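Here is how the chains run, residue by residue.
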Amino acid sequence: MITNQMKLGDIVKAYPRAVTIFNDFHIDYCCGGKDRLEDALKELSIDPKSFIDLMNKKLADTKNKTEGDEVLNMEQLTQMNVPDLIDYIVDTYHGKERNLIAEIDGLMNKVLLVHYEHNHSQLVPLHSLFSDLRKELEEHFAKEEKLVFPYMKKSYLESSNDGYVKELEDEHDAAGNIIKEITACTNDFKAPEGACTSYRMLFGKLDDLTKDIFNHIFTENSLLFPKYEGGR
Ligand SMILES: [Fe+2]
Ligand SMILES: [Fe+2]
């Protein structure tokens, strides 16, 4: 049973299927995992009573019970220790997102060139936002894989106050802010009327990338970092 005092990250841990509903309503459960549902709804001017009723109804519907488990296998993730969870994150998210970034990069250039004349007011800012996101992510992945994650794997059993968690959380916030701008710039990933296949594919891949990043950040902020700080 969901209540408005629960934190967004805790709701997703208890009900992984909540991710789909949160995405539909633009509720930020990844960078905003520590926020209470009540505050998140207030900020988005969503009526709490009807939203919570809707969530509890959808989550109680056993028809789609395994839907979110395919995206986030919470039972498996909560049982992993820090080194295993780090390996899982790198294998699951970093590889997939690098491939998506490379695909989007090619599509972005192609669509920008072909549709510049009629759609430059959308495509030029989008090109710039995507370039910013790619830069943030590539540098962030390198920092995690080459510096912070090896350190965390070695030191997770000792209590440490190394500042790395805060640094990574700040970088996640920066990526999350660019994603919010991309979502607005693409009208929530809806290609314009009559757009060609490449244009639609570009928007579809950007949608896939951002949803994957949400789960990725949630897994680090709400599962990995609390385990690391608790020495598990
Ligand atoms: Fe990561
Ligand atoms: Fe990260």
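If you look the chain up in an unreviewed UniProt entry, it shows as Iron-sulfur cluster repair di-iron protein from Lacrimispora algidixylanolytica. Taken from UniProt, the Subcellular location (unreviewed entry) comment for the chain reads in full: "Cytoplasm".

Q: Explain the coordination of the iron ion (ligand 2) to me, please; I cannot follow it from the model alone.
A: Ideal geometry at a metal centre: 109.5 degrees between donors when four sit tetrahedrally, and 90 or 180 degrees when six sit octahedrally. Around the iron ion (ligand 2), the protein contributes the donor atoms H140 (NE2), E144 (OE), H172 (NE2) and E220 (OE), which lie 2.0 to 2.1 Å from the metal centre. Considering all 4 donor atoms around the iron ion (ligand 2), angles at the metal cover 82 to 166° and the coordination shape is irregular. Positions of the donor residues of the iron ion (ligand 2) along the chain correspond to the pattern H-x3-E-x27-H-x47-E. The metal-metal distance between the iron ion (ligand 2) and the iron ion (ligand 1) is 3.3 Å, with E144 coordinating both. In this pair, H140 and E144 both sit in helix α6 (residues 82-155), 4 residues apart, roughly one turn of the helix. You'll find H140 and E144 in the same group, each marked buried.

Q: Hey, could you run me through the layout of surface pockets in this one?
A: It is a probe the size of a water molecule, rolled over the atoms, that shows where empty space is left. Space inside the largest pocket adds up to approximately 520 Å³. When contributions to the lining of the largest pocket are tallied by element, the ones reaching two or more residues are α2 (18-24), α3 (37-43), α7 (164-185) and α8 (197-229). Considering every element that reaches the lining of the largest pocket, the biggest residue donor is α7, with 4 residues. Here the residues of the lining of the largest pocket sort into 11 nonpolar, 6 polar and 8 charged. Considering only enclosed or pocket space, the second largest pocket measures out at about 270 Å³ in volume. For the second largest pocket, the lining is made up of 19 residues, of which G33, K34, E169, N221 and S222 are closest to its centre. Of all the secondary structure elements, the ones that give two or more residues to the lining of the second largest pocket are α1 (8-14), α7 and α8. When residues in the lining of the second largest pocket are grouped by element, the largest group, 5 residues, is from α8. Its residues assigned to classes, the lining of the second largest pocket shows 4 nonpolar, 5 polar and 10 charged. The residues that make up the lining of the second largest pocket include at least three from each of domain 1 (8-70) and domain 2 (80-229).

Q: I keep staring at the pattern of salt bridges and nothing clicks. Help me out?
A: It is possible for side chains bearing opposite charge to pair when their charged atoms get close. Within this structure, the stated rule accounts for 14 salt bridges. For the salt bridge of D10 with K13, the shortest nitrogen-to-oxygen distance reads 3.7 Å. With D10 and K13 both in helix α1, this residue pair falls 3 residues apart, about one helical turn. With a shortest N-O distance of 2.6 Å, E167 and K143 are connected by a salt bridge. Here E167 is found in helix α7, whereas its partner K143 is found in helix α6, with 24 residues between them in sequence. By relative accessible area, E167 is classed as partly exposed at 34%. A single salt-bridge network, built from bridges that share partners, covers K143, E167 and E171.

Q: Quick question: what am I supposed to make of α8 here?
A: In an α-helix there are 3.6 residues to a turn, and that puts residues three or four apart on one side. Counted at 1.5 Å a residue, the expected span for α8 with its 33 residues is 48 Å, and the 46 Å between its end C-alpha atoms agrees. Taken as a whole, α8 carries its principal kink of about 30° at E220. Once α8 ends, the next one or two residues include G231, with phi positive near 65°.

Q: Would you take a moment to explain the domain arrangement of the chain for this structure?
A: Accessible area lost upon the coming together of the parts serves often as the stated size of an interface. Its domain assignment divides the chain into domain 1 (8-70) and domain 2 (80-229). Here domain 1 and domain 2 have C-alpha centroids that lie 21 Å from each other. Taken together, the 12 residues of domain 1 in the interface contact 15 residues of domain 2. Our enumeration of links across domain 1 and domain 2 arrives at 2 salt bridges. A salt bridge links E169 to K34; the nearest nitrogen and oxygen atoms lie 3.2 Å apart. In this structure, the connection of domain 1 to domain 2 is made through 5 residue pairs in polar contact (both at pLDDT 80 or more). Contributions of two or more residues to the side of domain 1 that touches domain 2 are made by α1 and α2. Examining the composition of the side of domain 1 that touches domain 2, we find that 3 residues originate from one element, α1, more than from any other. When its residues are assigned to classes, the side of domain 1 that touches domain 2 shows 5 nonpolar, 4 polar and 3 charged.

What counts as what
- Residues numbered from 1 in each chain as written.
- Chains lettered and ligands numbered in written order.
- Predicted model: local features only at pLDDT ≥ 70, side-chain atom pairs only at ≥ 80, totals over all residues.
- Heavy atoms only, no water.
- UniProt positions renumbered as here; feature names shortened; annotations may be inferred.
- Donors = N, O, S within 2.8 Å, 3.2 Å for Na, K, Ca; no water.
- Tetrahedral: all angles 85-135°; square planar, octahedral: opposite > 155°, others 65-115°.
- Helix = DSSP H or I, 4+ residues; strand = E, 2+ residues; numbered from the N terminus.
- Buried < 20%, exposed > 50% of the residue type's maximum accessible area, 1.4 Å probe, protein only.
- 1 Å grid on protein atoms, 1.4 Å probe; cavity = no way out; pocket = protein on both sides within 12 Å on 5 of 7 lines; lining within 4 Å.
- Points joined across faces, edges and corners; volume = space filled by probe spheres on them.
- Nonpolar A, V, L, I, M, F, W, Y, C, P; charged D, E, K, R; others polar.
- Domains from an automatic or database assignment.
- Salt bridge = Lys/Arg side-chain N within 4 Å of Asp/Glu carboxyl O.
- Expected span 1.5 Å × (residues − 1).
- Bend = angle between axes of the 7 residues up to and from the residue.
- Contact = heavy atoms within 4.5 Å.
- Polar contact = N/O pair within 3.5 Å; in protein donor to acceptor, adjacent residues only side chain to side chain.

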